[in-house]
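The chain contents come next:
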Amino acid sequence: MYLHGTSKINGQGHLEIGGCDTSKLAETFGTPLYIMDEALIRQRAREYMEAFRASGLTFQVAYASKAFCVQAMCRIADEEGLSLDVVSDGELHTALTAGFPTERIHFHGNNKTPEEIEMALDAQIGCFVVDNFVELKLLNAMAGERSSKVNVLLRITPGVEAHTHEFISTGQTDSKFGFDLGNGAAYTAMEEAKALENLNILGVHSHIGSQIFEVDGFKMAVDKVAGFAIDVRDRLGLTFEVINLGGGFGIRYTAEDTPLQMSQYVGAIADSVKQTFESAGYPVPEIWIEPGRSMVGDAGTTLYTVGTYKEIPGVNKYIAVDGGMTDNIRPALYGSKYEAILANRANEAATEKVTVAGKACESGDKILWDLEIPKAETGDLLAVSCTGAYNYAMASNYNRIRRPAVVFVADGQADVVVKRESHQDIVVNDVIPARLAKKVEAAKA
Ligand SMILES: *Cc1c(COP(=O)(O)O)cnc(C)c1O
């Protein structure tokens, strides 16, 4: 496992994060356990903010909270001066109850319900990222009912799609998100939005993908967005104040991944924005970006206890841990790769190659393949790195497995930020209708 942030192997050969021995964390909080390196989260936030400050542009760095949305994380985002993206009433509620400044909240999503829009209007959030024509009209009408004017960005599909090292330019993008640029929907949307009196159009939004390792896709998006901005100014007399270029900055999960520094992504975007707009005689707009994965991904480590193991001679060796697809669905969902070590025997040489399976009733419940580690015994601790993004956020109660606790570690201190679910939590929303309750009682008697 690649040691980064505050992770290190201590004198006892144990993995230590944020000055906390993971063996002690397991003892105190139990496993599975999500451990978040608070200093590393703050470092990532500062890298983005400082790179933008250095660029001289006006900017907002909005943390895409969907990657890991809990109240303590909203507090850190606020303290670090980030803005916050939410995509549901649940994320919005989390931000509001954490006291996140509402003017820095941006609401995304391709199907915001009237109830969600109402909640966001009540909270007077900073900006709605409008996704489609239905929402455009609904938002205008709902803002009109309370005689308020709301800030909007229109999400456009720029016809650039980026995945890791490749990016493709597509004529017409088949996407559930946004107004298509190529087929003219984006222009029509701007025209309609301009005529709607309760919307204050700040500009446009574009998000080209996730886990991107190159700057070319972002540069191409800047080009397309700038072309659109110029077109809209010339034909509609509307000048954008804000260009939001989305998230998608890649992180290192395994040695195969080769991300750039945050400052390289930001530098390339800033240069490209300045050049493109200045050369068109267009006032350089404010730039917003929305990193999710790269803000929290590599700060997370999941700690498991090894339970059973088995060998199928000549075929495979399995070790099973006390979590799995319920706390990390990404390997099963996308074939995502991770690195791991035995946290309590971190200096020992690898002697075998194993598949790490979870405990759910699915053959596909695996979180690592071909992992080289020392021979694991029942009770050993397995630490899987880079699980900070889209792990807790996507956790489920499949098999009625309880979701793990999350702790923040820093300077030798560990604080629970999400409690482990209890058995009671598992049934808390269950209701037994009266006619069935009788049978329960009869069965008990
Ligand atoms: C998911 C998403 C992000 C964050 O993406 P990451 O790859 O986690 O950085 C940002 N903006 C939008 C609109 C998204 O859908």
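Please read these numbers as outputs of a predicted model, since none were measured by experiment.

Explain the overall build of the chain to me, using residue names and the numbers behind them.
A count of helical and extended segments in the chain gives 13 helices and 24 strands. Rg of the C-alpha trace for the chain: 24 Å, near the compact-globule value of 22 Å for 445 residues, within the 12% margin. In the chain, buried positions account for 54% of the 445 residues. Excluding contacts between residues fewer than 6 apart, the proportion of contacts in the chain whose partners are at least 24 apart in sequence is 70%. Looking at the chain as shown, the accessible area adds up to about 19,200 Å², and 49% of this sits on carbon and sulfur atoms. Of the charged side chains in the chain, 41 are positive and 59 negative; the average position of the first set lies 5 Å away from that of the second.

Got a sec to walk through the nonpolar core? Specific residues and values, please.
Phe68, Phe128, Met190, Phe228, Phe240 and Val296 are the most contacted members of the largest nonpolar core, which has 97 residues in total. When residues of this core are assigned to their parent elements, the largest contribution, nine residues, is made by helix 8 (residues 216-236). Per-domain counts for this core show at least three residues from each of domain 1 (8-37 + 297-427) and domain 2 (108-291). Residue contacts for phenylalanine 240: discarding those within four places in its chain leaves Met190, Leu202, Gly203, Val204, Phe228, Ala229, Val232, Tyr282 and Pro285.

So what's going on with the side chain of asparagine 244? Residues and values would help.
Structurally, asparagine 244 can be placed in strand 15 (residues 242-244). At a separation of 3.0 Å, a polar atom in the side chain of asparagine 244 contacts the side chain of glutamate 290. In contact with asparagine 244, not counting residues within four places along its chain, are Leu153, Val204, His205, Ser206, Trp288, Ile289 and Glu290.

Account for the domain arrangement of the chain, with residues named and values stated.
Domains assigned within the chain are domain 1 (8-37 + 297-427) and domain 2 (108-291). Roughly 650 Å² is buried in total at the junction of domain 1 and domain 2, and carbon and sulfur atoms are behind 50% of that figure. Of all residues in domain 1, the largest losses of buried area upon contact with domain 2 belong to Lys337, Glu339 and Cys386, amounting jointly to 64% of the total for that side. The residue glutamate 256 makes a salt bridge to lysine 337 at a minimum N-O spacing of 3.1 Å. Grouping the amino acids of the side of domain 1 that touches domain 2 by side-chain chemistry returns two nonpolar, one polar and four charged.

Residues and numbers for the packing of helix 8 against helix 9 (residues 262-279), please.
One can describe the packing of helix 8 onto helix 9 by two numbers: an axis separation of 10 Å at closest approach and a directional angle of 30 degrees. Classified by the angle their axes make, helix 8 and helix 9 are roughly parallel. Of the two possible hands of crossing, helix 8 and helix 9 adopt the one that is right-handed. Contacts between helix 8 and helix 9 involve Phe218, Lys219, Val222, Asp223, Ala226 and Ala229 from the former and Tyr265, Ala268, Ile269, Ser272, Val273, Thr276 and Phe277 from the latter. Broken down by class, the residue content of the contact of helix 8 with helix 9 amounts to nine nonpolar, two polar and two charged.

Any details on the pattern of salt bridges? Residues and values, ideally.
Inspection of every chain in the model, using the stated rule, returns 22 salt bridges. In this structure, the salt-bridge partner of aspartate 122 is arginine 146, at a minimum N-O distance of 2.5 Å. One end of the pair, aspartate 122, is in helix 5 (residues 114-123); the other, arginine 146, is in the loop between helix 6 (133-145) and strand 9 (150-157), with 24 residues separating them in the sequence. By relative accessible area, arginine 146 is classed as partly exposed at 32%. Three or more residues are tied together by salt bridges with common partners; here these are Glu38, Arg42, Arg46, Glu79 and Glu80.

Before we move on, can you summarise the packing of aromatic side chains with the specific residues and values?
Aromatic ring pairs are defined here through the distance separating the ring centres and the angle between the ring planes. On inspection of all chains with the given rule, the structure shows 13 aromatic pairs. A centroid spacing of 4.9 Å and a plane angle of 10 degrees characterise the contact between phenylalanine 52 and phenylalanine 59, whose relative ring orientation is stacked. Per residue, the accessibility class of phenylalanine 52 equals that of phenylalanine 59, and both read buried. Between the aromatic rings of phenylalanine 68 and tyrosine 392, the centroid separation amounts to 6.2 Å while the plane-to-plane angle is 75 degrees, which identifies the pairing as edge-to-face. Here phenylalanine 68 is found in the loop between strand 5 (59-64) and helix 3 (71-79), whereas its partner tyrosine 392 is found in the loop between strand 22 (381-385) and strand 23 (405-410), with 324 residues between them in sequence. Through successive ring pairs, a cluster of aromatic residues spans Tyr34, Phe68, Tyr392 and Phe408. Over the ring of tyrosine 187 we find arginine 235, and its NZ or CZ is 3.8 Å from the ring centre. We note arginine 252 situated over the ring of tyrosine 2; from NZ or CZ to the ring centre the distance is 4.1 Å.

With reference to specific residues and values, describe the environment of threonine 258.
Relative to the elements of secondary structure, threonine 258 occurs in the loop between strand 15 and helix 9. On the accessibility criterion, threonine 258 (43% relative accessible area) is partly exposed. Every residue in contact with threonine 258, bar those within four places of it in the chain, is listed here: His165 and Phe213.

So what's going on with the sheet that holds strand 3 (residues 20-21)? Which residues, and what values?
Taking strand neighbours across the sheet as the criterion, the three strands line up as 1-2-3 in an open arrangement whose pairing is antiparallel. Whereas interior strands pair on both sides, the edge strands pair on one side only; in this sheet they are strand 1 (8-9) and strand 3. By the bridge criterion, two bridges tie strand 1 to strand 2 (residues 15-17) in an arrangement that is antiparallel. Paired with isoleucine 9 across the strands is leucine 15, a residue of strand 2.

Before we move on, can you summarise the site of the ligand with the specific residues and values?
Taken together, 14 residues sit near the ligand, with Lys66, Ser210, Glu290, Arg293 and Tyr390 positioned nearest. Here serine 210 contributes a side-chain N or O atom positioned 2.3 Å from an oxygen atom of the ligand. Between an oxygen atom of the ligand and a main-chain N or O atom of glycine 292, the distance comes to 2.9 Å. Partitioning the shell around the ligand into residue classes produces three nonpolar, seven polar and four charged.

Conventions and cut-offs
- Per chain, residue numbering runs from 1 following the sequence as it is written.
- pLDDT decides what is reported in this predicted model: residues at 70 or higher carry local features, side-chain atom pairs at 80 or more are listed and counted, and totals for whole chains, interfaces and linings draw on all residues regardless.
- As a rule here, side-chain values come from all non-hydrogen atoms in the structure, and water together with hydrogens is ignored.
- Helix and strand assignments follow DSSP, with helices taken as H or I runs no shorter than four residues and strands as E runs no shorter than two, numbered in order from the N terminus.
- Taken over C-alpha atoms, the radius of gyration is set against a globule rule of 2.2 Å times the number of residues to the power 0.38.
- Buried residues are those whose accessible area, probed at 1.4 Å on protein chains only, stays under 20% of the maximum for their type, while exposed residues exceed 50% and partly exposed ones sit between those limits.
- By definition in these notes, contact holds between two residues if any of their heavy atoms fall within 4.5 Å.
- All accessible areas in this document rest on Shrake-Rupley with a 1.4 Å probe, and a residue is counted as covered only by the protein chains that are shown.
- His is not counted, nor are the chain ends; Lys and Arg add positive charge and Asp and Glu add negative charge.
- Note that the charge is assigned to NZ on lysines, CZ on arginines, CG on aspartates and CD on glutamates.
- Buried residues of nine kinds, namely Ala, Val, Leu, Ile, Met, Phe, Trp, Tyr and Cys, make up a nonpolar core once their side-chain atoms join them within 4.5 Å.
- Where each domain begins and ends is defined by an automated method or by a domain database.
- Pairs of N or O atoms within 3.5 Å make up the polar contacts considered here, provided that, within protein, one atom can donate a hydrogen while the other can accept it, and that residues adjacent in sequence are counted only when both atoms are side-chain atoms.
- For any pair of parts, buried area is found by adding up, for both, the accessible area (1.4 Å probe) each one loses once the two are put together.
- Any Lys or Arg side-chain nitrogen located within 4 Å of an Asp or Glu carboxyl oxygen qualifies as a salt bridge.
- Throughout, the ten residues Ala, Val, Leu, Ile, Met, Phe, Trp, Tyr, Cys and Pro are labelled nonpolar, Asp, Glu, Lys and Arg are labelled charged, and all others, Gly among them, are labelled polar.
- Think of each axis as a best-fit line through the C-alpha atoms, taken over the contacting stretch in the case of a helix, with angles from 0 to 180 degrees between the N-to-C directions.
- Working rule for angles: under 35 degrees goes down as roughly parallel, over 145 as roughly antiparallel, 65 to 115 as roughly perpendicular, anything else as oblique.
- Crossings are sorted by hand: turned counterclockwise from the far helix by less than a right angle, the near helix makes the crossing left-handed, and turned clockwise it makes it right-handed.
- Geometry of aromatic contacts follows a simple scheme: Phe, Tyr and Trp rings, the Trp one being its six-membered ring, pair when their centres are within 6.5 Å, and the pair is stacked under 30 degrees between planes, edge-to-face over 60, tilted otherwise.
- Counting as a charge over the ring demands two things of the Lys NZ or Arg CZ atom: a distance within 6 Å of the ring centre and an angle within 35 degrees of the ring normal.
- DSSP-based pairing: two strands are paired if at least 2 bridges between them are found.
- When at least one non-hydrogen atom of a residue lies within 4 Å of a molecule or strand, that residue is treated as near it.

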